[in-house]
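Inside the fold
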Amino acid sequence: MDILVKLAEYNAIETQRLLLRPIQISDANDMFKYSSDEENLIYIFPPHRTIEETRYSIAHNFMAQPLGKWAIEFKENSQMIGTIDFIKVNFNDKNAEIGYVLNKVYWGTGFMTEAVRTLTDFSFREFGLKSLEIVVDKRNVASSKVAENVGFKKIREYKSANKYTKEIVIFTKYKIERWEYLKENE
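Presented here is an overview of the structure given in this document. All of these numbers come straight from a predicted model, not from anything done at the bench. Residue positions within a chain follow its written sequence, with the count starting from 1. Predicted model: local features are reported for residues with pLDDT of at least 70 only, side-chain atom pairs are reported and counted for 80 or more only, and whole-chain, interface and lining totals are derived from all residues. The basis for every side-chain value is the complete set of non-hydrogen atoms in the structure, without hydrogens or water.

With that settled, consider the overall build of the chain. Each helix is a run of DSSP H or I of at least 4 residues and each strand a run of E of at least 2, with the numbering of both proceeding from the N terminus. Check the secondary structure of the chain and you find six helices and eight strands. Here the chain has a C-alpha radius of gyration of 16 Å; the compact-globule value for 186 residues is 16 Å, and the two agree. Each principal axis of the C-alpha atoms in the chain carries an extent, and together these give about 45 × 35 × 30 Å. Out of the 186 residues in the chain, the part that is buried amounts to 44%. Note on contacts: a residue pair is in contact if any heavy atoms of the two residues lie within 4.5 Å. Relative to all contacts within the chain whose residues are 6 or more apart in sequence, the contacts with residues 24 or more apart total 62%. Only four residue types enter the charge count, namely Lys and Arg as positive and Asp and Glu as negative; His and the chain termini do not. Taken as the charge location is NZ of Lys, CZ of Arg, CG of Asp or CD of Glu. Here the chain contributes 27 positive and 27 negative side-chain charges, whose respective centroids are spaced 4 Å apart. When we talk radius of gyration, it's over C-alpha atoms, and the globule rule is simply 2.2 Å times the number of residues to the 0.38. Residue exposure (1.4 Å probe, protein chains only): buried if accessible area is under 20% of the type maximum, exposed if over 50%, otherwise partly exposed.

This brings us to the pattern of salt bridges. A side chain with one charge may pair with a side chain of the opposite charge, provided their charged atoms come close. Definition used for salt bridges: Asp or Glu carboxyl oxygen within 4 Å of a side-chain nitrogen of Lys or Arg. For the structure shown, the criterion picks out 17 salt bridges. Of the charged contacts in the structure, one is a salt bridge between arginine 21 and aspartate 27, with a shortest N-O distance of 2.7 Å. When sorted by exposure, arginine 21 lands in the same class as aspartate 27, which is buried. Across the pair aspartate 121 and arginine 125 runs a salt bridge whose closest N-O atoms are separated by 2.7 Å. With aspartate 121 and arginine 125 both in helix H4 (residues 111–125), this residue pair falls four residues apart, about one helical turn. In this structure arginine 125 comes out as partly exposed when scored by relative accessible area, which is 33%.

The next subject is unusual backbone geometry. Positive phi values are uncommon outside glycine, yet serine 78 reaches one of about 60 degrees. Tracing the backbone shows serine 78 in the loop between strand S3 (69–74) and strand S4 (79–90). What makes serine 78 partly exposed here is its relative accessible area of 49%.

Written as structure tokens, this is what we have:
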């Protein structure tokens, strides 16, 4: 099973309330709503200052190599409300790290848990991955809860520099193995 072929086959994934789909340049206004808000990004990356910066990010970070990167669209209003993607994929070991961000207007709705659960399921059942990881700033309690709600287990904490701010912070690494997930979800 070729992971890239499978990612291409499932470039759009529908859940009960969400559509995970390719990110488009036309998503810039929706993305700018949350990517320009410092509170929304406190544990992730510095806020975008202009819509041009958001358009650049979409083109360079999402559209240039689109496989394994999805916009999160709320089906009820067709708004792009966040992103979920494979930050890293190891094709030899068949594992990946998931990253995500959600517009704070939708925090507390269960949308991110729904998106992560769906991507986890597809990763193991369709993409043939053996394990997944999520790494969060320890202070980001909401992201930790998302990982735990889906079944990821905390495997370690470590100090490292935030790649954007260079601030030394404590990160928590979560992991889930394919066999564990399938055992719990059969």
